[in-house]
Amino acid sequence: MASEGEGAVELRNKQVTLKHHVSGFPSETDFELRTSSIKLKVPEGSSGVLLQNLYLSADPYILLRMRNINDPNHYFTSFTPGSVITANGVGRVLDSRDPKFKKGDLVDGEIGWEEYTLVTAPETLSKIEYTDVPLSYCTGVLRLIGLTAYVGLFEICAPKKGEHVFVSAACGAVGHLVGQFAKLAGCYVVGSAGSKEKVDLLKNKLGFDEAFNYKEEQDLDAALRRYFPQGIDVYFENVGGKMLDAVLLNMRPHGRISVCGLISQYNTEPEGPKNLMQIIYKRIRMEGFVVWDYTSLYPKFLDWVLPHIREGKIFCIEDITEGLQSCPDALIGIYKGRNIGKQVIRVAHE
């Protein structure tokens with residue numbers, strides 16, 4: 001609902017805020033849905049851009065920012081209790097005092113979990129120039145999620161044709177792309193996931209050679225030996241814990257491990273792997289990475305991935321929920337394994 005007083009029209013702006021810092025997995029009580037007001041004009045003297053938000057992203061790293069981070073060397077900074085949660089998203093420009101953006105432009109960047117966002121640092125926004133792919137892809141495959149898969153696989157692990165690649169959390173936002181990228185590179189690819197539905201999707205829709213439900217495996221080492229009798233050349237790590245321990249036993253000499261995430265460790269006392277000596281015996285290279293260190297590769301990545309999407313060689317699986325109020329539950333669902341592919345929230349229709 002809009003109101004007109006002196007000056008610009010004001011709109012009610014629903015927002016999702018952080019109620020308090022969390023210590024475990026997120027729950028509905030950690031968030032607060034509130035309504036504020038926002039003017040439909042960028043303030044005088046500002047170089048900002050006002051957006052109507054269309055799509056918002058829910059990603060695992062958001063939980064890390066919901067915690068009280070005391071380490072000055074930590075890559076992330078904490079959200080302040082009472083502040084709006086921020087994440088990658090897509091919006092339409094309603095007003096702009098930055099010459100690079102005009103009313104009606106579609107943009108993406110870090111925006112709030114809210115209906116409207118005043119972006120005061122417009123250099124963080126990118127104008128969306130292509131309209132032949134879904135706008136929601138700019139929360140995932142065409143932005144940091146896709147770049148994460150690309151960097152972790154090609155820049156860190158450099159798979160060769162015919163090599164054997166294993167992807168954990170293979171039906172997640174990053175994992176389901178990694179497997180497809182590896183297939184395009186001519187690799188044998190196996191993924192693990194947490195349900196029969198996800199396993200079927202990996203094999204029948206996304207082109208994985210094999211996939212298995214880790215919840216049904218009593219012995220992960222035996223499962224990996226079954227699918228990789230000759231060993232693993234490349235492991236894209238999303239999980240950690242017992243899976244990583246089993247993978248180390250099954251790596252080939254000079255194998256490469258790209259550590260993207262350790263979601264099994266996010267809500268527990270960190271569990272150290274027991275088989276680290278395998279890294280020495282097998283001369284394994286294991287490297288962690290943060291995608292923001294590789295943003296210079298984005299143009300190269302986009303030139304590579306867009307043609308594959310347009311040709312139908314890469315599928316982006318999206319789990320889209322409706323309405324701003326669904327943001328908390330969408331994030332919670334990631335940690336419960338409910339989502340399939342990229343978790344996206346549609347706030348308004350295009």
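See the structure above.
Here the structure is a predicted model, which is why all the values come from computation and not from measurement. What you see as residue numbers is a count from 1 along each chain, following the sequence as written. Local features in this predicted model are restricted to residues whose pLDDT is 70 or higher, and side-chain atom pairs enter the listing and the counts only when it is 80 or higher, whereas totals over whole chains, interfaces and linings include all residues. Side-chain numbers come from the whole structure's heavy atoms, not from hydrogens or water.

Draft legend 1. Broad picture of the pattern of salt bridges. Note on definitions: salt bridges are taken to be side-chain nitrogens of Lys or Arg within 4 Å of carboxyl oxygens of Asp or Glu. According to the stated counting rule, one finds 19 salt bridges in the structure shown. Lys 313 serves as the salt-bridge partner of Glu 311, at 3.2 Å between the closest nitrogen and oxygen. One salt-bridge network, held together by shared partners, links Lys 102, Asp 105 and Lys 127.

Draft legend 2. A look at the packing of aromatic side chains. In summary, the pairing rule links any two rings of Phe, Tyr or Trp, Trp by its six-membered ring, whose centres are within 6.5 Å, and it sorts them by plane angle into stacked for under 30 degrees, edge-to-face for over 60 and tilted for everything else. As enumerated under the stated definition, the model contains 21 aromatic pairs in all. Centroid distance Tyr 75 to Phe 76: 5.7 Å. Interplanar angle 85°. Geometry classified as edge-to-face. Overall, Phe 76 belongs to the buried group, its relative accessible area being 16%. Their ring planes at 55° and their centres at 5.5 Å tell us that Tyr 150 and Trp 304 sit as a pair that is tilted. One end of the pair, Tyr 150, is in helix α2 (residues 144-157); the other, Trp 304, is in helix α8 (residues 298-310), and 154 residues separate them in sequence. Note on exposure labels: buried denotes an accessible area under 20% of the residue type's maximum, exposed denotes more than 50%, and partly exposed covers the range between, all computed with a 1.4 Å probe on protein chains only. For Trp 304, a relative accessible area of 22% gives the class partly exposed. Connected via pairs of aromatic rings, a cluster forms that spans Tyr 150, Phe 154, Phe 181, Tyr 298, Phe 301 and Trp 304. Starting at the N terminus, helices and strands are each numbered in turn, a helix being any DSSP run of H or I of at least four residues and a strand any DSSP run of E of at least two.

Draft legend 3. How the structure looks around the pairing of strand β9 (residues 164-167). Burial along β9 is two-sided: His 164 and Phe 166 facing one way and Val 165 and Val 167 facing the other are all buried. Paired strands, as defined in this entry, are two strands with at least two bridges between them according to DSSP. Looking at chain direction, β9 and strand β10 (residues 188-193) are connected through 4 bridges and run parallel. Counted as the bridge partner of Val 167 is Gly 191 from β10. Crossovers are marked right-handed if the path from the first strand over the helix to the second runs clockwise, as seen with the strands pointing away from the viewer. As a crossover connection, the stretch from β9 through helix α3 (residues 175-184) into β10 is right-handed. Examined bridge by bridge, β9 and strand β12 (residues 232-237) share 3 bridges and lie parallel to one another. Residue pairing in the sheet places Phe 166 in a bridge with Tyr 235 of β12.

Draft legend 4. View of α8. Between the first and last C-alpha of α8 there are 18 Å, a value that for 13 residues agrees with the 18 Å anticipated at 1.5 Å per step. Turning to α8, its buried residues number three or more, namely Phe 301, Leu 302, Val 305, Leu 306, His 308 and Ile 309. Around the axis of α8, the buried residues are gathered within 165° of arc, so they sit on the same side. Tucked inside the fold, the buried residues of α8 contact α2 and α3. Given a helix with a known number of residues, its expected span is that number minus one, times 1.5 Å. The directions from the helix axis to the C-beta atoms are what the arc is built from. Any two residues whose heavy atoms approach within 4.5 Å at even a single point are treated as in contact.

Draft legend 5. Fine view of the packing of helix α5 (residues 220-227) against helix α6 (residues 241-250). Where α5 contacts α6, the two axes come as close as 9 Å, and the packing angle between them is 45°. Judged on the interaxial angle alone, α6 and α5 are oblique. The way α5 lies across α6 gives a crossing that is right-handed. For the pair formed by α5 and α6, the contact residues are Leu 220, Asp 221, Leu 224 and Arg 225 on the first element and Lys 242, Met 243, Ala 246, Val 247, Leu 249 and Asn 250 on the second. Of the residues belonging to the contact of α5 with α6, the class tally is 6 nonpolar, 1 polar and 3 charged. Between N-to-C directions, angles span 0 to 180 degrees; the directions come from axes that are lines fitted to C-alpha atoms, helices contributing only their stretch in contact. For classification, angles of less than 35 degrees are called roughly parallel, those exceeding 145 degrees roughly antiparallel, those between 65 and 115 degrees roughly perpendicular, and all remaining angles oblique. Two helices that cross are described as forming a left-handed crossing if the nearer one is turned anticlockwise from the farther one by less than a right angle, and a right-handed crossing if clockwise. Here the term charged refers only to Asp, Glu, Lys and Arg, the term nonpolar to Ala, Val, Leu, Ile, Met, Phe, Trp, Tyr, Cys and Pro, and the term polar to all other amino acids, Gly among them.

Draft legend 6. Spatial organisation of the environment of Asn 339. Its location among the elements puts Asn 339 in the loop between α9 (327-335) and β16 (342-346). Apart from residues no more than four positions distant in its own chain, Asn 339 is found in contact with Lys 198, Asp 319, Gly 333 and Ile 334. Reaching out from Asn 339, the side chain makes a polar contact with the backbone oxygen of Gly 341 at a distance of 3.0 Å. Distance and chemistry together define a polar contact, namely a pair of N or O atoms within 3.5 Å, with one atom able to donate a hydrogen and the other to accept it when in protein, and with adjacent residues in sequence counting only for side-chain atoms on both sides.

Draft legend 7. Seen up close, the nonpolar core. By size, the foremost hydrophobic cluster in this structure holds 53 residues, and its most contacted members are Tyr 130, Val 141, Leu 142, Phe 181, Leu 202, Val 305 and Ile 309. Mapped onto this core, the elements with two or more residues apiece are β4 (49-57), α2, β9, α3, β10, α4 (196-204), β12 and α8. Top element by residues in this core is α2. It accounts for 8 residues. When residues are assigned to domains, this core turns out to be shared by domain 1 (10-124 + 317-346) and domain 2 (157-288), each giving three or more. What Leu 202 contacts, discounting residues up to four positions off in sequence, is Ala 170, Cys 171, Gly 191, Ala 193, Gly 207, Phe 208 and Ala 211. Within this scheme, the nonpolar core is defined by two criteria: the residues are buried Ala, Val, Leu, Ile, Met, Phe, Trp, Tyr or Cys, and they are joined through side-chain atoms within 4.5 Å. The next biggest cluster of nonpolar side chains, apart from the first, holds 34 residues, and it includes Leu 18, Leu 63, Leu 64 and Ile 69. What counts as a domain boundary in this text is fixed by an automatic or database domain assignment.

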